[in-house]
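# Inside the fold
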Amino acid sequence: MFYNYVELEDGTQVAYSNVLDDGIVEVSIERPIELGFDSARCMLPAFEWSDIDGFDDEDLAYLDSFIHNNAPLILRLAREASKSYA
């Protein structure tokens, strides 16, 4: 299950998962474009990026900085969501 975290100025949506069995929280990022979405995933707490489609290096540098700055709160919210989901 994913929970909305924030919508950035350009319409990019950031959402996070519950804490998964292996302790990982998945952050999903989607930006609307004309025929669909640009997308990427970041696994916390390792900050491992995957499934990157449509974001360029500049976009990813910004998103990586954003996720690093927001990771403590995202992880806390994911832990709280996992408790209430259980």
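Below or above, wherever it landed, is the structure these notes cover. None of the values given here were measured: they were computed from a predicted structure. Going along each chain's sequence as written, the residues are numbered from 1 onward. For a predicted model such as this one, the threshold for reporting local features is a pLDDT of at least 70, and the threshold for listing and counting side-chain atom pairs is 80 or more; totals across whole chains, interfaces and linings nevertheless cover every residue. Only heavy atoms go into the side-chain values, all of them from the structure, while hydrogens and water stay out.

## A look at the overall build of the chain
As a reminder, the rule being used: Segments assigned H or I by DSSP are reported as helices when at least four residues long, segments assigned E as strands when at least two residues long, and all are numbered from the N terminus. In this treatment the radius of gyration is a C-alpha quantity, and the globule benchmark scales as 2.2 Å times the residue count to the 0.38 power. For every residue, the accessible area (1.4 Å probe, protein chains only) is compared with the maximum for its type, and the residue is labelled buried under 20%, exposed over 50%, or partly exposed between those bounds.
Within the chain, the regular secondary structure consists of 1 helix and 5 strands. N-terminal to C-terminal, the α/β element order of the chain is β-β-β-β-β-α. Taking 12 Å as the expected radius of gyration for a compact globule of 86 residues, we find that the chain reaches 13 Å, a close match to that expectation. Residue burial in the chain is summarised as follows: out of 86 residues, 36% are buried.

## Side note on the pairing of strand S2 (residues 13-17)
Short version of the rule: Strands qualify as paired when DSSP identifies two bridges or more between them.
Of all 5 residues that make up S2, 4 are buried, and the element is covered over most of its length. Looking at chain direction, strand S1 (residues 2-7) and S2 are connected through 5 bridges and run antiparallel. Considered in S2, the bridge of Glu7 is made with Gln13. Judged from the 4 bridges that link them, S2 and strand S3 (residues 25-33) form a sheet pairing that is antiparallel.

## Some points on the pairing of strand S4 (residues 36-44)
With 9 bridges joining them, S3 and S4 adopt antiparallel strand pairing. By the bridge assignment for S4, Ile33 is matched with Gly36. Hairpin connection between S3 and S4: a loop of 2 residues separates the two successive antiparallel strands. Bridge analysis of S4 against strand S5 (residues 48-53) gives 4 bridges, and the strand direction is antiparallel. Pairing of Cys42 across the sheet is with Trp49, part of S5. From the end of S4 to the start of S5, which pair antiparallel, there are 3 residues, and Phe47 there has a positive phi angle of about 55 degrees.

## Quick word on the sheet that holds S3
We apply this condition: For every element, the axis is a line fit to its C-alpha atoms; helices are fit only across the contacting stretch, and the angle between N-to-C directions ranges from 0 to 180 degrees.
Taken in spatial order, the 5 strands of this open sheet run S1-S2-S3-S4-S5, and their pairing is antiparallel. What marks the edges here is a single partner per strand, and that holds for S1 and S5. For this sheet the average axis-to-axis angle between neighbouring strands, irrespective of direction, equals 20 degrees.

## Description of the packing of aromatic side chains
Definition in use: Classification of ring pairs rests on two measures: the distance between centres of Phe, Tyr or Trp rings, Trp counted by its six-membered ring, which must be within 6.5 Å, and the angle between planes, read as stacked under 30 degrees, edge-to-face over 60 and tilted in between.
Across all of its chains, the model carries 4 aromatic pairs by this definition. Each ring, one from Tyr5 and one from Phe66, has its centre 6.5 Å from the other, and the planes form 65 degrees; the classification is edge-to-face. Here Phe66 lies in helix H1 (residues 57-85) and Tyr5 lies in strand S1, a separation of 61 residues in the sequence. Across the pair, exposure class does not vary: Tyr5 and Phe66 are buried alike. Members of the aromatic cluster, joined through ring pairs, are Tyr3, Tyr5, Tyr16, Tyr62 and Phe66.

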